[in-house]
Amino acid sequence: MRTVYVNGDYLPETEAKVSVFDRGFLFADGVYEVTSVLDGKLIDFDGHAARLDRSLTELSMSSPVDRDELLEIHRELVRRNGIEEGLVYLQITRGNPGDRDFAFPDAEETAPTVVLFTQSKPGLAESPQAETGLKVISIADIRWGRRDIKTVQLLYPSMGKMMAKAAGADDAWMVEDGKVTEGTSNNAYIVKNGKIVTRHLGNEILHGITRAAVLRFAREAQMEVDERGFTLEEAKTADEAFVTSASAFVMPVVQIDDETLGDGTPGPVARRLREIYLEESRKAAI
Ligand code: PMP
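Residues numbered from 1 in each chain as written. Predicted model: local features only at pLDDT ≥ 70, side-chain atom pairs only at ≥ 80, totals over all residues. Heavy atoms only, no water.

Digging into the overall build of the chain
Thought 1: Summing up its helical and strand segments, the chain has eight helices and 15 strands in all.
Thought 2: Taken over the C-alpha trace, the chain has a radius of gyration of 19 Å; the compact-globule value for 286 residues is 19 Å, and the two agree within 12%.
Thought 3: Projected onto its principal axes, the C-alpha coordinates of the chain cover approximately 55 × 40 × 35 Å.
Thought 4: In the chain, 72% of the contacts between residues at least 6 apart in sequence involve partners at least 24 apart.
Thought 5: For the chain, the centre of its 34 positive side-chain charges and the centre of its 48 negative side-chain charges are spaced 2 Å apart. (Helix = DSSP H or I, 4+ residues; strand = E, 2+ residues; numbered from the N terminus. Rg over C-alpha atoms; globule rule 2.2 N^0.38 Å. Contact = heavy atoms within 4.5 Å. Lys, Arg positive; Asp, Glu negative; His and termini not counted. Charge placed at Lys NZ, Arg CZ, Asp CG, Glu CD.)

A closer look at the nonpolar core
Thought 1: The biggest cluster of nonpolar side chains holds 29 residues, and the ones touching the most others in it are Ile-196, Phe-242, Phe-249, Leu-273 and Tyr-277.
Thought 2: Put simply, the parts of the chain that give this core at least two residues each are β3 (30-38), β5 (86-93), β10 (187-192), α6 (209-220), β14 (249-256) and α8 (268-284).
Thought 3: Two domains each provide a minimum of three residues to this core, namely domain 1 (3-120) and domain 2 (129-284).
Thought 4: In this structure Ile-196 touches Tyr-189, Ile-190, Val-191, Ala-218, Met-223, Glu-224, Val-225, Asp-226, Phe-242, Val-269 and Leu-273, once residues within four positions along its chain are discounted.
Thought 5: Core analysis: the second largest hydrophobic core is formed by 23 residues, Tyr-5, Val-37, Phe-45 and Ile-92 among them. (Core = buried A, V, L, I, M, F, W, Y, C linked by side-chain atoms within 4.5 Å. Buried < 20%, exposed > 50% of the residue type's maximum accessible area, 1.4 Å probe, protein only. Domains from an automatic or database assignment.)

Regarding the sheet that holds strand β1 (residues 3-6)
The strands making up a sheet are joined through hydrogen bonds of the backbone, oriented either antiparallel or parallel.
Thought 1: Overall, antiparallel pairing links the six strands, which are arranged β2-β1-β6-β5-β3-β4 in an open sheet. Both edges of this open sheet fall to β2 (9-12) and β4 (41-42), since each of them pairs with a single strand only.
Thought 2: Against the sheet, helix α3 (residues 67-80) touches β1, β2, β3, β4, β5 and β6 (113-120), its axis set at about 40° to β6. (Pairing = 2+ DSSP bridges. Axes fitted to C-alpha atoms, helices over the stretch in contact; angles between N-to-C directions.)

This is a description of form; function is not addressed.
Right under this line is the structure:
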């Protein structure tokens, strides 16, 4: 049985409890982070900790745990659950004010709820999907306007995955005002004539921690990067495409709607970036 963390305690998962009045449950009033684990170590931990702080600040929530405490909790859970490859999920909500009310509770009186748990995923880095590539469909992006905050309001992304599944695809890319924003749970990229194109940062997309690392490695490897919005048509005629996220790393995309990209197999840029990302991240893991 897994050991999970709830508000200072390490508990068997069956004994962990959160109130029915918790604002995460009632209002999706909470933020989260997912940090991957390779070789029993945390990948990009400081990036995730920094983004968590930013998400909390944007929602006027105070941080109940500092970076060092957070690292300690992550490591303790990885240790107690014997995770070699997998994920650590963290969620912080505005807590339990004891009743349901739209107004935020006084932060002095209502402490945030902090929950962490692990997911063991042996073979995470050797995913067979990295060899075959993903098929994605396009769907309208009807999410709220602050996608840069990593909130737990994941209903539409969840519906997007189901739309993809119903269409026989793996995931969905969301489109707004004619441009691709991102995947349901990843950042989206295309490659044309060797140049990597991915949407610029703003409120329209999550500022992916993997995105930042991958773009840095790409530039270090003298690859050309263009951070701008791209259309679905551009994507469908690209040489290759891929997505990035903490759990998928760099994952090639080989089909968008009914268009096959290139020869229908993962392209060289996506393959190379995946290799570099995994190698460098393992080296820097803590
Ligand atoms: N965009 C969205 C909408 C996501 O949910 C995620 C993953 N949580 C990402 C991008 C990728 O972010 P990261 O690389 O930090 O996992």
